[in-house]
Amino acid sequence: MDTTVKPLYGHQEDAKVGYNPQKPGRPSHAYHSYFIANLRMVVDVEVRAGNQTAASFAQPELWSFLDGTPKSSHPGFLRGDCQWGNERAMKGAEERELGICSS
């Protein structure tokens, strides 16, 4: 799981000023991406407003996606950056019997 900030120019839907280390003050979108790392395959990408970069904004969609797939297709564990190492993410993973690794 990863979040990427995409700076925007012009007027686009949900372009909001948020965390953007490359272009501070520039409106952006936040892309929350889910990958199968060893296969280098993108499973899903969720586009959110630029002020919704935190992992807490991606979790409802991730849990909904996983709940809609058969348990036999669930990953062995989830890996994300340090934002994913919070109580809410840990609880969601435990409820679905997934391990979580935050780096």
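Above this text is the structure in question.
Everything quoted here is computed from the prediction, not taken from an experiment.

The rules behind the values
- The numbering scheme is per chain: residues are counted from 1 as the chain's sequence reads.
- Per-residue local features are limited, in this predicted model, to residues with pLDDT of at least 70; the limit for side-chain atom pairs, both in listing and counting, is 80 or more; totals at the level of whole chains, interfaces and linings are taken over all residues.
- For the side-chain quantities, the full set of heavy atoms in the structure was used; hydrogens and water were omitted.
- Going along the chain from the N terminus, every DSSP run of H or I of four or more residues is numbered as a helix, and every run of E of two or more is numbered as a strand.
- With a 1.4 Å probe rolled over the protein chains alone, any residue whose accessible area is under 20% of its type maximum counts as buried; one over 50% counts as exposed, and the rest are partly exposed.
- Contacts were defined at the residue level, with two residues in contact if any of their heavy atoms lie within 4.5 Å.
- Here, the arc refers to the directions that run from the helix axis to the C-beta atoms.
- Any pair of nitrogen or oxygen atoms within 3.5 Å is treated as a polar contact; in protein, a donor-acceptor pairing is required on top of that, and neighbouring residues in sequence qualify only through side-chain atoms on both sides.
- Side-chain atoms within 4.5 Å link the members of a nonpolar core, which is a set of buried Ala, Val, Leu, Ile, Met, Phe, Trp, Tyr and Cys residues.
- Lines fitted to C-alpha atoms define the axes, with helix axes restricted to the stretch in contact, and inter-axis angles between N-to-C directions lie between 0 and 180 degrees.
- When an angle is under 35 degrees it counts as roughly parallel; over 145 it counts as roughly antiparallel; between 65 and 115 it counts as roughly perpendicular; any other value is oblique.
- Basically, the charged four are Asp, Glu, Lys and Arg, the nonpolar ten are Ala, Val, Leu, Ile, Met, Phe, Trp, Tyr, Cys and Pro, and anything else, Gly included, counts as polar.
- Put simply, a salt bridge is a Lys or Arg side-chain nitrogen that is within 4 Å of an Asp or Glu carboxyl oxygen.

A.B. asks: Report on the overall build of the chain, specifying residues and quantitative values.
C.D. replies: Looking only at helices and strands, one finds 2 helices and 6 strands in the chain. Traced from its N-terminal end to its C-terminal end, the chain shows the element sequence β-β-β-β-α-β-α-β. In terms of principal-axis extent, the alpha carbons of the chain reach across some 45 × 25 × 25 Å. Buried residues in the chain amount to 28% of all 103 residues. Restricting the contact set of the chain to residue pairs at least 6 apart, pairs at least 24 apart contribute 36%.

A.B. asks: Give a description of helix α2 (residues 87-95) that names residues and reports values.
C.D. replies: Note that an α-helix has 3.6 residues per turn; residues three or four places apart therefore point the same way. Inspection of α2 places Ala-89, Gly-92 and Ala-93 among the buried residues, and these make up the whole buried set. The arc enclosing the buried residues of α2, seen along the axis, measures out at 95°, which places them on a common side. Exposed side of α2, more than 90 degrees from the buried face: Glu-87, Glu-94 and Glu-95 are the residues found there. Backbone nitrogen of Arg-88 and a side-chain oxygen of the N-cap are separated by 3.2 Å at the start of α2; the cap is Asn-86. Immediately downstream of α2, the backbone of Glu-97 shows phi near 55°, a positive value.

A.B. asks: Before we move on, could you go through the nonpolar core and cite the residues and values that matter?
C.D. replies: Core analysis: the largest hydrophobic core is formed by 12 residues, namely Met-1, Tyr-34, Ala-55, Ala-58, Leu-62, Trp-63, Leu-66, Leu-78, Trp-84, Ala-89, Ala-93 and Leu-98. When contributions to this core are tallied by element, the ones reaching two or more residues are α1 (55-67) and α2. A per-element tally of this core places α1 first, with 5 residues.

A.B. asks: Now, about the packing of α1 against α2: what can you tell me, with residues and values included?
C.D. replies: Across the interface, α1 lies against α2 with an axial gap of 10 Å and an inter-helix angle of 10°. With respect to α2, the element α1 is oriented roughly parallel. Judged by residue contacts, Ser-56, Gln-59, Pro-60 and Trp-63 of α1 engage Arg-88, Ala-89, Gly-92 and Ala-93 from α2. The residue inventory of the contact of α1 with α2, partitioned by class, reads 4 nonpolar, 3 polar and 1 charged.

A.B. asks: With reference to specific residues and values, describe the pattern of salt bridges.
C.D. replies: For side chains bearing opposite charge, pairing can occur when the charged atoms are close. The tally for this structure, following the rule as stated, stands at 4 salt bridges. Two residues, Glu-46 and Arg-48, come together in a salt bridge whose shortest N-O distance is 3.1 Å. By relative accessible area, Arg-48 is classed as partly exposed at 24%. The salt bridge partner of Asp-67 is Arg-96, with a shortest N-O separation of 2.9 Å. With Asp-67 in helix α1 and Arg-96 in the loop between α2 and β6 (99-102), this pair connects stretches of sequence that are 29 residues apart. Taking relative accessible area as the criterion, Asp-67 reaches 47% and is therefore assigned partly exposed. Salt bridges sharing common partners tie together Asp-67, Glu-95 and Arg-96.

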